[in-house]
Each structure stands twice: as C-alpha cells, then as structure tokens.
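# Coordinate inspection notes
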Amino acid sequence: MSMAARNQNPRSSVERALRLLEAVDRRGFGARADELAEEVQLPTDHARRLLRSLVREGYLERLEDGGYVLGGAFAMLGQANREQLVQSRLVAKMTSLRDELGAAVYFSRYADGEVSVQAVVDGPMTPSVHEWVDFRATGHASAIGKCLLAQLDHDSRRDHLSRHPAARFTSRTNIDTGALLQRLDRHPTTVPMLDLQEYAIGTVCAAVPVTAGTTVGCLAFSLPVEEAYRLKETAETMAAKAAPVLLALTV
C-alpha cells in the first residue's frame, strides 16, 4: 500500500489517534506533543494535528503548560445510555460530513448475517435514495452492500449470496455471482466501492469501510446521476474525512 493510500485510510488515522489516547492515559499527569509523538513513533507535526482533533472532540484537554490529559468525553462512556450517546455523536459527525460533501450520508453495519443501514443523514438539498427494495437484499448491487461484503471472508460472502440471490434491479445490475465474488476478492480496501445506478436508476453511490473492533461497517453517500461528475472527488473527500466518524464509534 502506498503512503498516500495509508494517509487516506480512516482506519489508520483512528488507530494512530487511539495510540495517542493510550499514551496520554499511561502518563496520567500530562504529556507534551513531542513526548507523545516519540512514544507512538509518529512525526511530531502529524501527532500535533491528531492531538488538536482529539481536543476539539473532547477526548483530550490541553493544559496551560502545553501538556495533554484525558478530556471530559470519556466521562460519558461509562454511563448507562452510552449507546444513545454514541449514536448522537455519530449522527453529528455524519451531519457535518453531509454538509461538506453536499450529499446524503449513510452508516451501515453487517450484523447477524444481514446488511443493516443504521443511520441516514439527508436534507432538502441532499435527498437520500428511495429504499424501493429492502437494503438487506441488495448486497450484490448497492455500494453499501458490496463494501460490507468485501470485508467478509470468502465463505461468508457465499453464504450471504446464497440467502440473498442476486436479482436484477436495473439494466445495470450485475447478477453474475461468480464475477462479483472475484471483484470482491480483488478490491483494495482503500478504494471506495461504487454503485453506478445498479440499485436505482437516477442515483450513484460510493462507500468506504469504517470497521470498529470486530464489527464490519461502512460509510456511504449518494448523489443524483446528474451530479455523477462529482463522484470520484466526493468519494476521496469522504475517505479522507471518515476518521472522526470511526472515532465516534470506537471510543
């Protein structure tokens, strides 16, 4: 994987942020950016950028002497309503991303053997795609479904497609299961998965993986086909901006 690809991988950014949080926690009484960068083996400038992001999100607090300690956001994580708090943070990050992308944004998981769209953030100027076929049956066609299936092992993909056989939703839908499995095997994790009117005529979509722990997930957006010219640039922006969304799920 190239350095550029690693820098655009939201999972890599979150892993580095988590290492910084762990280093701050170990020190307890505060640590400077250069000390933390050395401990987690990051360039100091890159560590400073991550530390500023963690301060903005409330996970860290910067002391008057320049040291960093754990912030107030961690106090919420032990409460009984943690799930609601995480969902609230997730939707807030997705709303910010929707506004930046100018597109409806989706968060999905692969849970209990099914594709599950767990959050959708849209608006009057950024309408979401009409779910005219249950998303659980669209693993072979939607960007969300293909992105989730790509993160499974080969046997799990076959099992899913045996329970949800490929159906033709539009003239662009590929229903060749063998060809799909080969594409999923070869698809790089750093490259967004696309849906070019395969699920619904008039809509194009892209999705990137955002896996927290052992849970398989993805972040996606949709655009009207008239704005398909924005697909590549918007997908690259989403991949670069996905780290805060993943961080909201991870800590």
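So, here's what we can say about the structure. (Residues numbered from 1 in each chain as written. Predicted model: local features only at pLDDT ≥ 70, side-chain atom pairs only at ≥ 80, totals over all residues. Heavy atoms only, no water.)

### Overview of the nonpolar core
The tendency in soluble globular proteins is for nonpolar side chains to be buried side by side. Which entries qualify depends on this criterion: To define a nonpolar core, start from buried Ala, Val, Leu, Ile, Met, Phe, Trp, Tyr and Cys residues and group those joined through side-chain atoms within 4.5 Å. Relative accessible area decides the class of each residue, using a 1.4 Å probe on protein chains only: under 20% of the type maximum gives buried, over 50% gives exposed, and in between gives partly exposed. Only runs of H or I of at least four residues qualify as helices and only runs of E of at least two qualify as strands under DSSP, and these elements are numbered from the N terminus.
One finds L20, L36, M94, L219 and F221 to be the most contacted residues of the largest nonpolar core, which totals 45 residues. With seven residues, helix α2 (residues 10-27) is the single largest residue contributor to this core. By size, the runner-up hydrophobic cluster in this structure holds 27 residues, among which are Y110, A141, C205 and A207.

### A few points about the packing of aromatic side chains
Formally: Any two of the Phe, Tyr and Trp rings considered here, Trp counted by its six-membered ring, make a pair once their centres fall within 6.5 Å; the pair's planes then place it as stacked at under 30 degrees, edge-to-face at over 60, or tilted in between.
Applying the stated criterion across every chain yields a total of four aromatic pairs. On the basis of an interplanar angle of 80° and a centroid distance of 6.1 Å, the ring pair of W132 and F169 is categorised as edge-to-face. Of this pair, W132 sits in the loop between β4 (114-121) and α7 (143-150) while F169 is found in the loop between α8 (154-163) and α9 (177-186), placing the two residues 37 residues apart along the sequence. W132 gets classed as partly exposed once you look at its relative accessible area, which sits at 45%. On the accessibility criterion, F169 (15% relative accessible area) is buried. Taken together, the aromatic side chains of W132, F135, F169 and Y199 make up a single cluster linked through ring pairs.

### Some details on the sheet that holds β4
Under the convention used in this document: A strand pair is defined by DSSP finding two or more bridges across the two strands. Interaxial angles span 0 to 180 degrees and are taken between N-to-C directions of axes, which are lines fitted to C-alpha atoms, for helices over the stretch in contact.
With respect to topology, five strands assemble into an open sheet ordered β4-β3-β7-β6-β5, the strand pairing being antiparallel. For this open sheet the edge positions go to β4 and β5 (193-196), each flanked by a neighbour on one side alone. The mean inter-strand angle of the sheet, taken between neighbouring strand axes irrespective of direction, is 25°. Strand direction decides the pairing type here: strand β3 (residues 104-111) and strand β7 (residues 216-224), joined by seven bridges, are antiparallel. Of the residues in β7, the one forming a bridge with Y110 is V216.

### Re the pattern of salt bridges
The following threshold applies: One speaks of a salt bridge when a side-chain nitrogen belonging to Lys or Arg is within 4 Å of a carboxyl oxygen belonging to Asp or Glu.
One pass over the structure, following the stated rule, counts 14 salt bridges. Two residues, E100 and K241, come together in a salt bridge whose shortest N-O distance is 3.6 Å. Pair noted here: E100 is in helix α6 (residues 82-101) and K241 is in helix α10 (residues 231-241), with a separation of 141 residues, a long-range link. On the basis of relative accessibility, which here comes to 39%, the residue K241 falls in the partly exposed class.

Don't take any of this as a statement about function, it's just geometry.
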